[in-house]
Amino acid sequence: MSRKLGQVFLKNQKIAQKIVKELEIKKGEIIVEIGPGTGFLTQELILSNEKIIAIEKDPKLIGYLKEKFANNKNLILIEGDIREILKEEKIQEIIQSKDYNKGYKIVGNIPYYLTSYLLRLLMNLQNKQNKPKLVVLMVQKEVAERIVAQPPKMNLLAVLTQFYFQPKIIQIVKKGNFSPPPKVDSAIIKLIPLKNQYISNPNLEKKFIQLVKAGFSQPRKTLLNNLKTIIPKEKIEKCLLKTNLQLTIRPAALSLDDWLKIFQELVMN
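Computed from a prediction, not measured in an experiment: that's the story for all the values here. (Residues numbered from 1 in each chain as written. Predicted model: local features only at pLDDT ≥ 70, side-chain atom pairs only at ≥ 80, totals over all residues. Heavy atoms only, no water.)

1. Some remarks on the pairing of strand β2 (residues 30-34)
(1) Moving on: Among the 5 residues of β2, 5 are classified as buried, and the element is accordingly described as predominantly covered.
(2) Moving on: Of the two faces of β2, the one carrying Ile30, Val32 and Ile34 and the one carrying Ile31 and Glu33 are both buried.
(3) Moving on: Pairing analysis gives 5 bridges linking β2 to strand β3 (residues 51-56), with the strands arranged parallel. When the sheet's bridge partners are listed, Ile34 is paired in β3 with Ile55.
(4) Moving on: Crossover handedness for the path β2 to helix α2 (residues 40-46) to β3: right-handed. (Buried < 20%, exposed > 50% of the residue type's maximum accessible area, 1.4 Å probe, protein only. Helix = DSSP H or I, 4+ residues; strand = E, 2+ residues; numbered from the N terminus. Pairing = 2+ DSSP bridges. Right-handed = clockwise from strand over helix to strand, strands pointing away.)

Written out as structure tokens, the structure is:
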């Protein structure tokens with residue numbers, strides 16, 4: 001049980017039960033748990049009687065979990081790094097080899113250092129045929145608040161996450177509910193995948209992400225100053241006027257809908 005892996009373990013059963021409830025598990029679904037740790041949440045997931053695939057990086061914990069859940073036939077333990085499994089799309093192979101039936105959902109208590117990178121990997125899955133139906137994660141409270149932010153506090157992570165998902169903070173979880181207790185509070189966040197014409201078109205998806213990243217390249221600067229490095233200034237000015245946005249607007253003041261309108265004008269037309 002290594003602190004260097006960012007491991008903090010949930011110890012409040014009611015919170016574990018709340019996470020399982022938010023997964024809305026239906027018959028035939030597979031649940032993929034990221035980093036089961038000591039199996040506290042796993043224990044609640046097993047009660048659903050559906051197939052659970054738990055992916056754990058720490059070999060010592062894998063040994064502990066195998067012994068703890070030796071009699072649970074609906075639990076499959078896999079030793080591995082979730083970053084590599086999602087990055088290389090091995091998750092598709094794993095799911096399909098385990099009697100994939102009615103889709104899968106992802107759940108996990110995520111180490112703080114891993115959150116942003118993991119979210120990007122989950123975003124990358126959204127244009128795949130076999131993508132998760134729902135994601136419920138325990139993350140650092142501050143990160144959860146950044147993800148659900150609205151103008152005038154938008155940020156790059158919020159725009160991109162909200163492009164792919166409908167995010168919702170379910171509950172704030174105080175640090176005393178973990179062992180060892182972290183220095184900050186956490187939050188349960190629910191990510192419901194969205195469908196739009198851009199996600200299903202890899203070329204448009206890539207161009208939208210490039211536009212938003214350019215727009216936030218220097219968050220304190222105006223959108224016009226940030227975008228003029230990749231798009232002619234006159235074209236941006238015309239777009240902002242047409243979409244009823246001020247020429248001095250900063251990226252943090254733009255909603256996802258604003259970004260989609262700007263994208264439509266600057267890239268699609």
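2. A short note on the pattern of salt bridges
A side chain of one charge can pair with a side chain of the opposite charge if their charged atoms are brought near each other.
(1) Moving on: Across all of its chains, the model carries 9 salt bridges by this definition.
(2) Moving on: Where Lys190 meets Glu24, a salt bridge forms, and the shortest distance between an N and an O atom there is 2.4 Å. Residue Lys190 is found in strand β9 (residues 186-193), and its partner Glu24 is found in the loop between α1 (13-23) and β2; the two are separated by 166 residues along the sequence.
(3) Moving on: A single salt-bridge network, built from bridges that share partners, covers Lys18, Glu22, Glu24 and Lys190. (Salt bridge = Lys/Arg side-chain N within 4 Å of Asp/Glu carboxyl O.)

3. Thoughts on the packing of aromatic side chains
Geometry of an aromatic ring pair is reported as the spacing of the ring centres plus the angle between the planes.
(1) Moving on: Under the definition given, this model contains 7 aromatic pairs.
(2) Moving on: Look at Tyr198 and Phe263: their rings are 5.3 Å apart centre to centre, the planes differ by 90°, and that puts the pair in the edge-to-face class. In this pair, Tyr198 is assigned in the loop between β9 and α9 (202-215) and Phe263 in helix α12 (residues 256-268), connecting sequence segments 65 residues apart. No difference in accessibility class separates Tyr198 from Phe263, as the two residues are buried. (Phe/Tyr/Trp six-rings, centres within 6.5 Å; stacked < 30°, edge-to-face > 60°.)

4. Points about the packing of helix α11 (residues 233-242) against α12
(1) Moving on: As a packed pair, α11 and α12 sit with axes 10 Å apart at the nearest point and diverge in direction by 140°. Taken together, the axes of α11 and α12 lie oblique to each other. Crossing handedness for the pair α11 and α12: right-handed. From α11, Lys235, Ile236, Cys239, Leu240 and Lys242 reach across to α12, where they touch Ile262, Glu265 and Leu266.
(2) Moving on: A class-by-class count of the residues in the contact of α11 with α12 yields 5 nonpolar, no polar and 3 charged. (Axes fitted to C-alpha atoms, helices over the stretch in contact; angles between N-to-C directions. Parallel < 35°, antiparallel > 145°, perpendicular 65-115°, else oblique. Left-handed = near helix turned anticlockwise from the far one by under 90°. Contact = heavy atoms within 4.5 Å. Nonpolar A, V, L, I, M, F, W, Y, C, P; charged D, E, K, R; others polar.)

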